[in-house]
Amino acid sequence: MSTALEIRNLSRRYGPILALDDLSLTLEAGRIVALFGENGSGKTTLLKVVAGLLAEYTGEVLVHGERPGPATKAMVSFLPDESFLPSGITARGAVAMFTDFFADFDARRATALIDDFGIDSRRALKTLSKGQREKVQLALAMSRRARVYLLDEPISGVDPAARETILATILTQYDPEALVVISTHLIADIEPVADAAVFLRAGRVLFAGDADDLRAQQGMSLDRLFRTAYQTPVRS
């Protein structure tokens, strides 16, 4: 396996707040990595730095050997945790927009996924349920032929049936040679599909490694490890 993401001594501030604190991490291609952490642990900031959306940081970030910029944006598909599409656009219009924006976007795949989800592509996104909007955005993100997929809370706020559908879509649509990083609080849902896991706390790596190794070393499931590790408040 090749190294898809290499991070060394990464720090990022928001004014006086240190969101990422000298964080180092290496992730290999061809893996599904679960990114865990309590609110404010740095998960979203980390994904945005890797996606090339945040440029002011110290340390080094390499995506397949390239620093975040135009070259990496062409190989990274980022699904943010908030809606990133105009509320008045239709699913069909969103597919057309992604076709214009990304050379690696497969419009036929996106259209087929949206149809499979049972969503009327002529309806404006503002008329859809939260779960339906999440599915449209996921269809767009997973229809790029990317080398790295960064998915920030893709199953939050939707019902269990929708979560199962979304997870199944992720598992069946990504290139098996790509790296997939899924940030989530829903550990029990992600644990069965995760090859590896990274636990963040206060901008630092608390635990990281293969999922099976972490379970063996800690003597508990990842879900239980999460509940145990974050019981004690962070010391200021």
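One can find the structure itself at the top, above this paragraph.
As a starting point, this report considers the structure included with it. These numbers come from a predicted model, not from an experiment.

**Some remarks on unusual backbone geometry**
- In this model, Asp 22 sits at a positive phi of 55 degrees, which is unusual for a non-glycine residue.
- Looking at where Asp 22 falls in the secondary structure, it is placed in strand 2 (residues 17-28).
- Unlike most non-glycine residues, His 64 shows phi in positive territory, near 50 degrees.
- Relative to the helices and strands, His 64 resides in the loop between strand 4 (58-63) and helix 2 (70-73).

**Description of the pattern of salt bridges**
- With the rule as written, the count across this model stands at 13 salt bridges.
- The salt bridge partner of Arg 31 is Asp 210, with a shortest N-O separation of 2.5 Å. Of the two residues, Arg 31 is situated in the loop between strand 2 and strand 3 (32-37) and Asp 210 in strand 9 (residues 204-210); the sequence distance between them amounts to 179 residues.
- For the salt bridge of Asp 120 with Arg 122, the shortest nitrogen-to-oxygen distance reads 3.0 Å.
- For Asp 120, a relative accessible area of 32% translates into the label partly exposed.
- Several salt bridges converge on common partners, so that one network encompasses Glu 6, Arg 8, Glu 60 and Arg 67.

**A look at the nonpolar core**
- Of all hydrophobic cores here, the largest spans 32 residues; its most connected members are Phe 36, Tyr 149, Leu 151, Ile 170, Val 180, Phe 199 and Leu 222.
- If near-sequence neighbours (up to four positions away) are discounted, Tyr 149 is found in contact with Ser 77, Ala 141, Met 142, Arg 144, Tyr 174, Asp 175, Ala 178, Leu 179, Val 180 and Val 181.
- Counting residues in each nonpolar core, the second largest holds 29 residues, with Val 148, Val 181, Ala 196 and Leu 200 among its members.

**Some words on the sheet that holds strand 7 (residues 179-183)**
- Strand order in the open sheet formed by 6 strands is 5-6-7-3-8-9, with mixed pairing between adjacent strands. Of all strands in the sheet, those bounded by a partner on one side alone are strand 5 (76-79) and strand 9. Taking each pair of neighbouring strands and ignoring which way they run, the sheet shows an average axis angle of 15 degrees.
- Strands in contact with helix 1 (residues 43-51) are strand 3, strand 5, strand 6 (148-152), strand 7 and strand 8 (196-201); relative to strand 6, the strand with the most contacts, it is inclined by about 150 degrees.

**Here's the deal with the side chain of Asp 152**
- Mapped onto the elements of the fold, Asp 152 is located in strand 6.
- Buried charge without a partner: Asp 152 forms no salt bridge, and the closest opposite charge is Lys 43, 6.5 Å away.
- Side-chain polar atoms of Asp 152 contact the side chain of Ser 183, separated by 3.3 Å.
- For Asp 152, the contacting residues outside a window of four places in its chain are Thr 44, Leu 47, Phe 78, Leu 79, Pro 80, Asp 81 and Ser 183.

**Let's talk about the sheet that holds strand 4**
- Ordered in space as 2-1-4, the 3 strands form an open sheet in which the pairing is antiparallel. Of all the strands in the sheet, just strand 2 and strand 4 have a single pairing partner and so form its edges. Put simply, the sheet's adjacent strands are angled 15 degrees from each other on average, direction ignored.
- For strand 1 (residues 3-14) and strand 4, the ladder comprises 5 bridges, and the chain directions are antiparallel. Counted as the bridge partner of Leu 5 is Val 63 from strand 4.
- Across the face of the sheet, helix 1 comes into contact with strand 1, strand 2 and strand 4 while running at roughly 120 degrees to strand 1.

Reading the values: rules and limits
Residues numbered from 1 in each chain as written. Predicted model: local features only at pLDDT ≥ 70, side-chain atom pairs only at ≥ 80, totals over all residues. Heavy atoms only, no water. Helix = DSSP H or I, 4+ residues; strand = E, 2+ residues; numbered from the N terminus. Salt bridge = Lys/Arg side-chain N within 4 Å of Asp/Glu carboxyl O. Buried < 20%, exposed > 50% of the residue type's maximum accessible area, 1.4 Å probe, protein only. Core = buried A, V, L, I, M, F, W, Y, C linked by side-chain atoms within 4.5 Å. Contact = heavy atoms within 4.5 Å. Pairing = 2+ DSSP bridges. Axes fitted to C-alpha atoms, helices over the stretch in contact; angles between N-to-C directions. Lys, Arg positive; Asp, Glu negative; His and termini not counted. Polar contact = N/O pair within 3.5 Å; in protein donor to acceptor, adjacent residues only side chain to side chain.

That is the geometry; function is a separate question.
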